[in-house]
Amino acid sequence: MLEHDTNADLTQASTYITADATASIELWFIPGIMDMLGKTGALSGRVEGKMYYIDKEINYSY
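Along each chain, numbering runs from 1 in the same order as the chain's sequence is written. The predicted origin of the model limits local features to residues at a pLDDT of at least 70 and limits the giving and counting of side-chain atom pairs to 80 or more, whereas totals for whole chains, interfaces and linings rest on all residues. Values reported for side chains reflect all heavy atoms of the structure, with hydrogen atoms and water molecules removed beforehand.

Turning our eyes to something else, we now look at the overall build of the protein. The helix count covers DSSP runs of H or I at least four residues long, the strand count covers runs of E at least two residues long, and both are numbered beginning at the N terminus. Scanning the protein from terminus to terminus reveals two helices and three strands. When the helices and strands of the protein are placed in sequence order, the string is α-β-α-β-β. Across the 62 residues that make up the protein, the buried fraction comes to 8%. For the protein, long-range pairs separated by at least 24 residues make up 61% of all intrachain contacts whose partners lie at least 6 apart in sequence. Carbon and sulfur atoms make up 58% of the accessible area of the protein, which totals about 5400 Å². Three exposure classes are used, based on accessible area relative to the maximum for each residue type with a 1.4 Å probe and protein chains only: buried under 20%, partly exposed in between, and exposed over 50%. In what follows, a contact means two residues having at least one pair of non-hydrogen atoms within 4.5 Å. Residue burial considers only the protein chains on display, and all accessible areas are found by Shrake-Rupley using a 1.4 Å probe.

Between Lys or Arg on one side and Asp or Glu on the other, a salt bridge is scored when a side-chain nitrogen of the former is within 4 Å of a carboxyl oxygen of the latter. Enumeration according to the criterion identifies two salt bridges in this entry. The partner of Glu-48 in a salt bridge is Arg-46, and the shortest N-O contact between them spans 2.8 Å. For Arg-46, the salt bridge goes to Asp-55, with nearest N and O atoms at 2.4 Å. Accessibility expressed as a relative area gives 33% for Arg-46, which makes it partly exposed. Overlapping salt bridges, with partners in common, bring together Arg-46, Glu-48 and Asp-55 in one network.

This brings us to the sheet that holds strand 3 (residues 51-61). Paired strands are those between which DSSP finds at least two bridges. Taken together, the three strands give an open sheet; going across it, the order is 1-3-2, and neighbouring strands pair in antiparallel fashion. At either end of the open sheet lies a strand with only one pairing partner, and these are strand 1 (16-26) and strand 2 (46-48). For this sheet the average axis-to-axis angle between neighbouring strands, irrespective of direction, equals 30°. A fitted line through C-alpha atoms serves as each axis, taken over the contacting stretch for helices, and the angle formed by two N-to-C directions is quoted from 0 to 180°.

Here we come to the pairing of strand 3. The sheet contact formed by strand 1 and strand 3 spans eleven bridges and is antiparallel. From the neighbouring strand, Thr-18 faces strand 3, where its bridge partner is Asn-59. The hairpin turn running from strand 2 into strand 3, its antiparallel successor, is two residues long, and Gly-49 in that turn takes a positive phi close to 65°.

Written out as structure tokens, the structure is:
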């Protein structure tokens, strides 16, 4: 219906975007506990030194 109304080839039109995002925060308390929680799957991030990182893939469509 959209293709008919707009005369646009929707197979050639951009309709989504995917991006990878990373956020980090410095740990103020025991990094070993956060590392342990990350390895058990309780947290979705990872610990490197005194930093906690969260990686996320973002998908947006319009």
